[in-house]
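Next come the chains, spelled out residue by residue.
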Amino acid sequence: MLMGRATDGGLHVRAGWSRTTPVGQIGWGWDVMTAVASPGDWNGDGAADVLARDSTGALWMYKGNGHGGWLPGRTQVGWGWNVMTAIFSGHDFSGDGPSDVIARDTNGQLWLYPGNGYGGWLDRIQIGWAWQGMDLITAPGDYDNDGYGDVIARDNTGTMWLYPGNGSGGFTGARSVMDIPTPQLFG
């Protein structure tokens with residue numbers, strides 16, 4: 001599943017990675033949010049949820065209903081997130097079961113925010129530094145098929161890098177250059 005936000009504020013999902021897969025609109029007015037990410041089932045109810053940051057830095061959870069829509073209301077799950085220049089799903093990057101969130105702050109530090117499986121957080125962990133040179137970052141899950149979540153980033157020269165996860169909230173230390181065009185991965 002691929003989620004994206006259009007310039008008109010529409011929130012769209014695509015069931016597959018192919019550009020020919022139909023796109024469905026699941027929301028409107030998301031242009032007021034400064035960041036949107038889906039960590040999957042954030043609150044443990046079996047349906048995928050969305051986290052969104054507003055202009056004040058508040059982070060909100062929008063609970064999915066499991067049928068391409070939303071349950072009523074939203075829940076604030078964080079504040080002060082306006083210091084983050086990138087927020088994205090880490091899937092289960094820490095290896096403990098629940099979904100996680102990874103974020104980069106204005107100093108280029110990369111932080112893992114482990115989810116508790118009930119819509120909240122465990123203590124954050126710094127997992128990187130000097131990431132300010134990356135203009136696109138994503139955590140696609142287990143990209144290298146070793147059983148652990150990974151991070152992919154593009155540096156400001158256009159080079160794509162794979163950062164293999166170690167299954168316990170960090171990296172193996174063996175990053176590698178990827179031979180894949182950016183649009184194929186980031187759309």
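Our structure is the block above this text.
All of the points below concern the structure found in this document. All figures in this text were calculated on a predicted structure; none of them were measured in a lab.

## Focus on the sheet that holds strand β4 (residues 33-40)
With antiparallel pairing, four strands are arranged side by side in an open sheet as β4-β5-β6-β7. Because the sheet does not close on itself, it has two edges, and the strands there are β4 and β7 (75-78). The sheet shows a mean angle of 30° between the axes of neighbouring strands, taken without regard to direction. Judged from the three bridges that link them, strand β6 (residues 59-62) and β7 form a sheet pairing that is antiparallel. Residue pairing in the sheet places Met61 in a bridge with Thr75 of β7.

## As for the side chain of Asp155
Counting through the fold element by element, Asp155 comes out in strand β13 (residues 150-155). Polar contacts involving the side chain of Asp155 include one to the side chain of Thr157, which spans 2.5 Å. A distance of 2.9 Å separates polar atoms of two side chains, one belonging to Asp155 and the other to Trp161.

## Focus on the sheet that holds strand β9 (residues 100-105)
In space, the four strands of this open sheet follow the order β8-β9-β10-β11, with antiparallel pairing throughout. The sheet terminates laterally at β8 (84-91) and β11 (125-128), the two strands that pair on one side only. Recorded for the sheet is a direction-independent mean angle of 30° between the axes of neighbouring strands. Sheet topology note: the β8/β9 ladder contains six bridges and is antiparallel. From the neighbouring strand, Ser89 faces β9, where its bridge partner is Val101.

## Overview of the pattern of salt bridges
If you walk through the whole model with that rule in mind, you get one salt bridge. Residue Arg154 is joined to Asp135 by a salt bridge in which the shortest nitrogen-to-oxygen separation is 2.7 Å. A residue pair is termed long-range when its members are at least 10 positions apart, and Arg154 in strand β13 and Asp135 in strand β12 (residues 134-141) qualify at 19 residues. Classification of Asp135 by relative accessible area gives partly exposed; the value is 40%.

## Digging into unusual backbone geometry
At Ala130, a position not held by glycine, the phi torsion is positive, near 65°. For Ala130, the location among the structural elements is in the loop between β11 and β12. With a relative accessible area of 53%, Ala130 lands in the exposed category. Within the chain, Asn145 stands out as a residue other than glycine whose phi angle is a positive 60°. By the element assignment, Asn145 lies in the loop between β12 and β13.

Parameters and conventions
Residues numbered from 1 in each chain as written. Predicted model: local features only at pLDDT ≥ 70, side-chain atom pairs only at ≥ 80, totals over all residues. Heavy atoms only, no water. Pairing = 2+ DSSP bridges. Helix = DSSP H or I, 4+ residues; strand = E, 2+ residues; numbered from the N terminus. Axes fitted to C-alpha atoms, helices over the stretch in contact; angles between N-to-C directions. Polar contact = N/O pair within 3.5 Å; in protein donor to acceptor, adjacent residues only side chain to side chain. Salt bridge = Lys/Arg side-chain N within 4 Å of Asp/Glu carboxyl O. Buried < 20%, exposed > 50% of the residue type's maximum accessible area, 1.4 Å probe, protein only.

In short, geometric facts, not functional conclusions.
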